[in-house]
Amino acid sequence: MPFIFLMCLSLPALAWNPFSNGGLVDVPLSKTELQKIKLNAGWAKDDTQTLIFELNNGLKGPIQCAAANVELTDGRTVGKVFVPKFAIPGNATRNASMPVVKGTMKSYALTCSCFKVKGQDECVKP
């Protein structure tokens, strides 16, 4: 009986593996890709304690951001790791936040990446 059931399955169904990543690798965004990502940061009018990041993904494929780092005016650094990473679909905007008092930020950076098929340059949905 199991043999008959196996014969009924199509070849693509037999090749499918839910645990396979299909040759995908998580890679940092290239300089060209970063130029298509618009990042704004600021505080809401009624909240001077929470820094809000607004990311607009101008790429066709999705990206994900794993962490944010802020350098403060006093030389200290504040970081936040996003668990899980927050995803921004292609041609979409998403927000993230972290506790930073308004007026204390010198600079900021986000660590973002995307999935690519080995040997190809375009970000793809995993």
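Preceding this section is the structure that the text describes.
Summary of the structure given here. Every value quoted in this text rests on a predicted model; they were computed, and no experiment measured them.

What counts, and at which threshold
- Residues numbered from 1 in each chain as written.
- Predicted model: local features only at pLDDT ≥ 70, side-chain atom pairs only at ≥ 80, totals over all residues.
- Heavy atoms only, no water.
- Phe/Tyr/Trp six-rings, centres within 6.5 Å; stacked < 30°, edge-to-face > 60°.
- Helix = DSSP H or I, 4+ residues; strand = E, 2+ residues; numbered from the N terminus.
- Buried < 20%, exposed > 50% of the residue type's maximum accessible area, 1.4 Å probe, protein only.
- Disulfide = S-S within 2.5 Å.
- Core = buried A, V, L, I, M, F, W, Y, C linked by side-chain atoms within 4.5 Å.
- Polar contact = N/O pair within 3.5 Å; in protein donor to acceptor, adjacent residues only side chain to side chain.
- Contact = heavy atoms within 4.5 Å.
- Salt bridge = Lys/Arg side-chain N within 4 Å of Asp/Glu carboxyl O.

**Considering the packing of aromatic side chains**
Okay, so step 1: Inspection of every chain in the model, using the stated rule, returns two aromatic pairs.
Okay, so step 2: Ring plane angle 55° and centroid distance 5.7 Å describe the contact between Phe 53 and Tyr 108, whose orientation is recorded as tilted. Residue Phe 53 is located in strand 3 (residues 50–57), and its partner Tyr 108 is located in strand 7 (residues 105–117); the two are separated by 55 residues in the primary sequence.
Okay, so step 3: Here Tyr 108 falls in the partly exposed class, since its relative accessible area comes to 31%.
Okay, so step 4: Taking 4.9 Å as the distance between ring centres and 85° as the angle between the ring planes, the aromatic pair formed by Phe 82 and Phe 86 counts as edge-to-face.

**Describing the state of the cysteines**
The bond known as a disulfide is covalent and runs between the sulfur atoms of two cysteines.
Okay, so step 1: Per the stated rule, a full pass over the model turns up two disulfides.
Okay, so step 2: A sulfur-sulfur separation of 2.0 Å characterises the disulfide bridge that pairs Cys 65 with Cys 112. Given an S-S torsion of about 95°, the disulfide between Cys 65 and Cys 112 has right-handed geometry. Of the two residues, Cys 65 sits in strand 4 (residues 63–72) while Cys 112 sits in strand 7, which places them 47 residues apart along the sequence. No difference in accessibility class separates Cys 65 from Cys 112, as the two residues are buried.
Okay, so step 3: Disulfide pairing places Cys 114 opposite Cys 123 at an S-S distance of 2.1 Å. Since a negative S-S torsion denotes a left-handed disulfide, the Cys 114-Cys 123 link at about -70° is left-handed. Taken as a pair, Cys 114 and Cys 123 share a single burial class, namely buried.
Okay, so step 4: Taking only the cysteines that form disulfides and numbering them from first to last, the protein has the pattern 1-2, 3-4.

**Considerations on the nonpolar core**
Okay, so step 1: Formed by 21 residues in total, the largest nonpolar core has its most connected members in Leu 29, Phe 53, Leu 55, Phe 86 and Leu 110.
Okay, so step 2: Sort the elements by how many residues they give to this core and strand 4 lands first, with five residues.

**Quick word on the side chain of Lys 116**
Okay, so step 1: In this fold, Lys 116 is placed in strand 7.
Okay, so step 2: Within the structure, Lys 116 has its side chain in polar contact with the side chain of Glu 33 (distance 2.9 Å).
Okay, so step 3: Discounting chain neighbours no more than four positions away, the residues touching Lys 116 are Gly 23, Leu 24, Val 25, Val 27, Glu 33, Asp 121, Glu 122, Cys 123 and Val 124.

**Brief notes about the environment of Pro 99**
Okay, so step 1: Structurally, the position occupied by Pro 99 is in strand 6 (residues 92–99).
Okay, so step 2: Taking relative accessible area as the criterion, Pro 99 reaches 64% and is therefore assigned exposed.
Okay, so step 3: Spatially, the C-alpha atom of Pro 99 lies 8.7 Å from that of Val 78, the residues being 21 residues apart in sequence.
Okay, so step 4: Not counting residues within four places of it along the chain, the set of residues in contact with Pro 99 comprises Gln 49 and Val 78.

**Remarks on the pattern of salt bridges**
Okay, so step 1: All chains considered together, the criterion is met by four salt bridges.
Okay, so step 2: Here Lys 85 and Asp 26 are joined by a salt bridge, their closest N and O atoms 2.7 Å apart. Of this pair, Lys 85 sits in strand 5 (residues 77–88) while Asp 26 is found in strand 1 (residues 24–28), placing the two residues 59 residues apart along the sequence.
Okay, so step 3: Accessibility expressed as a relative area gives 39% for Lys 85, which makes it partly exposed.
Okay, so step 4: Note on Asp 26: relative accessible area 35%, which makes it partly exposed.
Okay, so step 5: For Arg 76, the salt bridge identified is with Asp 74, shortest N-O distance 2.9 Å.
Okay, so step 6: The class of Arg 76 is exposed, set by a relative accessible area of 51%.

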